[in-house]
Amino acid sequence: MKAVNPFPRIILLIIFCICSYSCIGPVPVDVVMIDNELFFVLEDEREITYLEVSTLIDKNKSGPDKWRYENLQVMWLLGYDVKTEVKKRKYLKLQQIRYGQRFEEFQITKGPVELQKNVEYFVKINMGNKFSIEEFIITSDNKVIMPRRKAKGKSSE
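Calculation rules
- Per chain, residues are indexed from 1 in the order of the written sequence.
- The model is predicted, so local features are restricted to residues of pLDDT at least 70 and side-chain atom pairs to those at 80 or more, both for listing and for counting; the totals for chains, interfaces and linings are taken over all residues.
- For the side-chain quantities, the full set of heavy atoms in the structure was used; hydrogens and water were omitted.
- In this description, strands pair whenever DSSP reports at least two bridges between them.
- Comment: elements are numbered from the N terminus, with helices defined as DSSP H or I runs of at least four residues and strands as E runs of at least two.
- Between rings of Phe, Tyr and Trp, where Trp is taken as its six-membered ring, a pair exists when centres lie within 6.5 Å; planes separated by under 30 degrees are stacked, by over 60 edge-to-face, and by other angles tilted.
- The rule is simple: take the accessible area with a 1.4 Å probe, protein chains only, and divide by the maximum for that residue type; under 20% is buried, over 50% is exposed, in between is partly exposed.
- Salt bridges are defined by distance alone: a side-chain nitrogen of Lys or Arg within 4 Å of a carboxyl oxygen of Asp or Glu.

**Digging into the pairing of strand β1 (residues 29-34)**
So, step 1. Strand direction decides the pairing type here: β1 and strand β2 (residues 37-48), joined by six bridges, are antiparallel. Note that in β2 the partner of Ile-34 across the bridge is Glu-37.
So, step 2. Remark: two residues form the turn of the hairpin made by β1 and β2, two consecutive strands paired antiparallel; Asp-35 in that turn has positive phi of roughly 50 degrees.

**Overview of the packing of aromatic side chains**
So, step 1. The final tally for this structure, using the stated rule, is six aromatic pairs.
So, step 2. Each ring, one from Tyr-80 and one from Tyr-91, has its centre 5.0 Å from the other, and the planes form 85 degrees; the classification is edge-to-face. With a gap of eleven residues between them, Tyr-80 in the loop between β4 (72-79) and β5 (92-98) and Tyr-91 in the loop between β4 and β5 connect regions that are remote in the sequence.
So, step 3. On the basis of relative accessible area, Tyr-80 is assigned to the buried category, the value being 7%.

**Focus: the pattern of salt bridges**
So, step 1. Going through the model one piece at a time under the given rule, you end up with three salt bridges.
So, step 2. In this structure, the salt-bridge partner of Arg-98 is Glu-37, at a minimum N-O distance of 3.5 Å. Of this pair, Arg-98 sits in strand β5 while Glu-37 is found in strand β2, placing the two residues 61 residues apart along the sequence.
So, step 3. For Arg-98, a relative accessible area of 29% corresponds to the partly exposed category.
So, step 4. The class for Glu-37 is partly exposed, based on a relative accessible area of 34%.
So, step 5. Two residues, Asp-44 and Arg-46, come together in a salt bridge whose shortest N-O distance is 3.3 Å.

Structure representation (structure tokens):
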């Protein structure tokens, strides 16, 4: 009996995983403060389907359950009603979004609530098949720190 070589199947599986990840992978977002206004800046213009800025209600939580939805307080939310057909939604192509900015195109809007200094927040932006998630803190001297950012360490203006 002839033995089957699994090597080609493994290579194809790896290629498939890499292609899938590149299709639905994360997109970096920078959180910057310009003239005392907070901005979320993407690498390039993208169709935004959902944006949420939240903070933890229970600051003592840790581990993987830390970011569960019931532990979060939504500070600002932009989105579309899931009952609306996708073809009827008017997605905005944006690269830069100012915190609290109003958009008529989004059917669901909550907030914005004034952000406090030295509090950990996170922004979540959905762009169809791409997404961005970033933690940030506004310091007492009005600078923004993104603690998870390994390459840059700190982003401020």
